[in-house]
Amino acid sequence: IFPRASRRKIRVDGKLNKQAILFASNSSEADYKDRKLENADPQTALISLLSESQAGDRTLGHLRSIFVLLEKGPNPIYQHSILADEYRKLAPIEGKYLSRLIAGDLKTNVTEAIIEEALALRFSCPLEMIRQANFRCSDLECVAKAALDNMLEYIPIQLFFPLPLVTSSRGQIDLEYLSTLEAPLWAEDLYDGFRCQIHKLEERVELFDARGNSITHKFPEIAEAATLIPQDFIADGTLVAWEKESPLPYSILRERLERPAAELLLGDEADTLLWLHDLLWNNGDTLVGQPLSERKSRLYSFSVNPKLRISPVTHLDSIDQIHGQLRDSQKRGNQGLILKKETSHYNPLSDSGPDWISFK
């Protein structure tokens, strides 16, 4: 109903929705049970109570205004009144889809990817521009308006909404594979932790894992340390367990992740460190379209602290150096090595293959 990035919701449960339909159709529970004898699907049985004589002239714009009223409804009684009045004016087919929209289950198989393709066709613009714009803001309404105004490239990143992360492909330490790589390359340690992203605006900080789940409550010490950094930013990083300037195995960090937040006593938990790899947004500037060298340069300007550090980069002028760098990284207690192209953009939607290559 609403754009993903808005996090707006209509809090109407199935029972309230059912009662609104019964009220609108002047029906009782007994009438509903009789219809269920004729229709195996409870939802179909319920909707069949609505009058077939309705004109069926409601538009998407009209439904939009209903959703706003339901969202702002002060209590279930108000929502019931709004819904019942609306269902009274709807034909069964309209009532069916209104009910499905409210339940969040349209069953149409219309995905965001399909809508992105439709917008690209409608506004005669490259699909990649549509996809990148939606990647930055997670708001198809905003993307559609920008496409109409030819302003897609100006859509900024949406703060405090998790972004897809760039993934790496697995490299092989053999001559045939290494010969496909082109120097110069940037090499960073592949840490034995888990990927996450951190969003920071003034005093507000949020941590998200690679699947987009909030983990701020699991690692409040990282969030607190981030508030000490003057810049506002969105960064890609790896969270690791850490002790005496050395990494600890991921299994120690996993134990903390699996424990309920209420049981976390920071004094008894393993210490943590967030290595920052990449900068996606900084002080109002969206950076995903900038080369890695520019993003890393701005990241190096940060006043970091013992809890948040910038992952160091080693410049490799020859692929012959990869094996030695891999061995050194593993000696430091890391999983291995990750290679990146200094000219690459931050593009998790790329179809041309990842610009990050990991070696273990």
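Since the model is a prediction, treat every value here as computed from it, not as a measurement.

Criteria and thresholds
- Residues numbered from 1 in each chain as written.
- Predicted model: local features only at pLDDT ≥ 70, side-chain atom pairs only at ≥ 80, totals over all residues.
- Heavy atoms only, no water.
- Helix = DSSP H or I, 4+ residues; strand = E, 2+ residues; numbered from the N terminus.
- Contact = heavy atoms within 4.5 Å.
- Pairing = 2+ DSSP bridges.
- Axes fitted to C-alpha atoms, helices over the stretch in contact; angles between N-to-C directions.
- Core = buried A, V, L, I, M, F, W, Y, C linked by side-chain atoms within 4.5 Å.
- Buried < 20%, exposed > 50% of the residue type's maximum accessible area, 1.4 Å probe, protein only.
- Phe/Tyr/Trp six-rings, centres within 6.5 Å; stacked < 30°, edge-to-face > 60°.
- Parallel < 35°, antiparallel > 145°, perpendicular 65-115°, else oblique.
- Left-handed = near helix turned anticlockwise from the far one by under 90°.
- Nonpolar A, V, L, I, M, F, W, Y, C, P; charged D, E, K, R; others polar.

1. Observations regarding the environment of Ala226
Stage number 1. Note that Ala226 resides in helix H11 (residues 220-226).
Stage number 2. Each C-alpha atom, one on Ala226 and one on Glu206, is 9.5 Å from the other, the two residues being 20 residues apart in sequence.
Stage number 3. Contact partners of Ala226, with chain neighbours within four places excluded, come to Ile198, Lys200, Val205 and Leu308.

2. With respect to the sheet that holds strand E12 (residues 356-359)
Stage number 1. Strand order in the open sheet formed by five strands is E1-E12-E11-E2-E10, and the pairing between neighbours is mixed. Strands at the two margins of the open sheet, each flanked by one partner only, are strand E1 (169-170) and strand E10 (314-316).
Stage number 2. Judged from the two bridges that link them, E1 and E12 form a sheet pairing that is parallel. Within E12, the residue paired with Arg170 across the bridge is Ser358.
Stage number 3. Strand contacts of helix H14 (residues 322-331): strand E2 (185-190), E10, strand E11 (336-340) and E12, with the helix running at about 135 degrees to E11, the strand carrying the most contacts.

3. Focus: the nonpolar core
Stage number 1. The biggest cluster of nonpolar side chains holds 26 residues, and the ones touching the most others in it are Ile198, Leu207, Phe219, Phe233, Leu274 and Leu308.
Stage number 2. Mapped by element, the contributors of at least two residues to this core are strand E3 (194-201), strand E4 (204-209), H11, strand E5 (233-243), strand E7 (272-282) and strand E9 (308-310).
Stage number 3. Other than its neighbours up to four places away in sequence, Phe219 contacts Phe194, Leu207, Leu239, Leu253, Arg256, Leu257 and Thr272.

4. Quick look at the packing of aromatic side chains
Stage number 1. Under the counting rule described, the total for this entry stands at six aromatic pairs.
Stage number 2. On the numbers, 5.0 Å between centres and 5 degrees between planes, the contact of Tyr191 with Trp275 is stacked. Pair noted here: Tyr191 is in the loop between E2 and E3 and Trp275 is in strand E7, with a separation of 84 residues, a long-range link.
Stage number 3. A residue is classified by how much of its surface remains accessible, and Trp275, at 10% relative accessible area, is buried.
Stage number 4. When the ring of Trp242 is compared with that of Trp275, the centres are 5.8 Å apart and the planes differ by 80 degrees; the resulting orientation is edge-to-face.

5. Regarding the packing of helix H7 (residues 112-122) against helix H8 (residues 127-137)
Stage number 1. One can describe the packing of H7 onto H8 by two numbers: an axis separation of 8 Å at closest approach and a directional angle of 130 degrees. The angle between H7 and H8 falls in the class oblique. Seen from above, H7 lies across H8 with right-handed handedness. Along the contact surface, H7 presents Glu112, Glu116, Glu117, Leu119 and Ala120, while H8 presents Leu127, Ile130, Arg131 and Asn134.
Stage number 2. Here the contact of H7 with H8 is built from residues that sort into four nonpolar, one polar and four charged.

Nothing here speaks to function; it is geometry throughout.
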